[in-house]
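# Analysis of the macromolecular model
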Amino acid sequence: MRIMLGNKIKELRKRDRRTQDDLATALGITNQAVSRWEANKAYPDMEMIPAIANYFHVSIDELFGYNNDRESTLSRYIEKANRLLEPGVTPDKKQLKRHEQFLREALSEFPNEWHLQERLAMILSMIASNDKRKKNETAALKEAAKLYEQAYQNCDDIHMKELIHSSLIGVLGRLRDYQKIEEIALQSSSLSSCRELVRTVMIHDSKYDRYVSEALLSLLHQLADLLDMNFEHFATANNPDIYLSLAMLYKSTFGDGNYGWFNSDICLLYLNAARICNRNKDYKQTSDCFGKAYEHGTSFMEAAKEPIKRPTNAGVSDAVELPSRFVYISESLFKQYIGLFSEDVISKLRSNPKYAAIL
């Protein structure tokens, strides 16, 4: 048992990035005593065991290597955390507070679990969006950024690390922490050397067709996201063609019309084109663009009932690894955009029965 305990103390200390001095100071002993424990040359006094377990936020059972129950508890926490934010469902303030409380309690027991850190960061980001008090909003976003950073460091899933990193950058943008964003940018690769494009050089590799398909879909998706996130920049020319042209490129890429989850991108392209047309007082084209957006939006909501599927059109059907972050289109999103239109457009939309659910 002594060997197991000494090894476990060392394992937990390194897990939490603590030194022997840190543990010794917290327990009121010498660092030589900690060193002897970890070398299995001595054994902590029994009355000190609860303090050691508390320091590492573990149970006494886990400290002694009996952690089956703890692993089961963690699995239940993660499963519940993943169910907190269902696609298309926006929790109200009370629900967000309950989610926050659950995740804080779970993290007090498992302080370095990245799944829980990422979920709490997302909840805090949503709470910040609902809190109009600047001080509270900033505090929630700062904590969210810190949690995303911790989750990124603790995560061992490459795909999830990218998603967490993307979420962190979004929060930093809301905080206007441009210095931190610049630091992240300088540490990142350029577009010309990103994973997707580098793989397309493997012309004679058996995975070449797959990598070219994935690169095209990834670039399309990122370009659509760029145009959506920076609407005011691209709308200054009052020309909707940049949005409509990309929508046509999607149509060419998905020649069989099976857009799946990519309907989300196309829907937003047409919605933003509609906004520009409305500004230009071209109300007919505004209505036409909104109609196309609605078609793609409803197609997305149907496709999103199942996990994202591979495209079926030649040229991109070999793609295996697909983008996973899409704007979830819902009726409430359409209502938000309609609120930006003139009364002439709204009146025309009201006369069409297919929009009855959103008007």
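The rules behind the values
Residues numbered from 1 in each chain as written. Predicted model: local features only at pLDDT ≥ 70, side-chain atom pairs only at ≥ 80, totals over all residues. Heavy atoms only, no water. Helix = DSSP H or I, 4+ residues; strand = E, 2+ residues; numbered from the N terminus. Rg over C-alpha atoms; globule rule 2.2 N^0.38 Å. Buried < 20%, exposed > 50% of the residue type's maximum accessible area, 1.4 Å probe, protein only. Contact = heavy atoms within 4.5 Å. Areas by Shrake-Rupley, 256 points an atom, 1.4 Å probe, with all protein chains shown as cover. Salt bridge = Lys/Arg side-chain N within 4 Å of Asp/Glu carboxyl O. Expected span 1.5 Å × (residues − 1). Disulfide = S-S within 2.5 Å.

### A short note on the overall build of the protein
- Counting its regular elements, the protein contains 19 helices and zero strands.
- Compactness check: the protein gives a C-alpha radius of gyration of 26 Å against a globular reference of 21 Å for 359 residues, more than 25% above the reference.
- Projected onto the principal axes, the alpha-carbon positions of the protein cover approximately 80 × 55 × 40 Å.
- Counting across all 359 residues of the protein, residues that qualify as buried make up 40%.
- For the protein, restricting intrachain contacts to residue pairs at least 6 apart in sequence, the fraction spanning at least 24 positions comes to 63%.
- Here the protein has roughly 20,200 Å² of accessible surface; of this, 51% comes from carbon and sulfur atoms.

### Comments concerning the pattern of salt bridges
- Enumeration over the complete set of coordinates arrives at 19 salt bridges.
- Linking lysine 97 and glutamate 100 is a salt bridge whose minimum nitrogen-to-oxygen distance equals 3.2 Å. One end of the pair is lysine 97 and the other is glutamate 100, both in helix H7 (residues 93-109) and three residues apart, which spans about a single turn.
- Between arginine 104 and glutamate 100 there is a salt bridge, and its shortest N-O distance comes to 2.9 Å. On the criterion of helical spacing, the pair formed by arginine 104 and glutamate 100 is a turn pair, its members being four residues apart in helix H7.
- Where salt bridges share partners, they join Lys97, Glu100, Arg104 and Glu143 into one cluster.

### Points about helix H9 (residues 134-154)
- The end-to-end C-alpha separation of H9 is 30 Å, in line with the 30 Å expected for 21 residues at 1.5 Å each.
- Every buried residue of H9 is accounted for by Ala140, Leu141, Ala144, Ala145, Leu147, Tyr148 and Ala151.
- Buried residues along H9 sit against H7, helix H8 (114-130) and helix H10 (158-175).

### Things to note about the state of the cysteines
- Enumeration according to the criterion identifies zero disulfides in this entry.
- Between cysteine 277, a cysteine without a disulfide, and cysteine 289, which holds the nearest cysteine sulfur, the sulfur-to-sulfur distance is 4.4 Å.

### Description of the environment of asparagine 31
- Tracing the chain through its elements places asparagine 31 in helix H3 (residues 31-38).
- Here asparagine 31 falls in the partly exposed class, since its relative accessible area comes to 28%.
- Sequence separation of asparagine 31 and cysteine 277 is 246 residues, and the distance between their C-alpha atoms is 71 Å.
- Each residue touching asparagine 31, except ones within four places of it in the same chain, is listed here: Gln20, Asp21 and Ala24.

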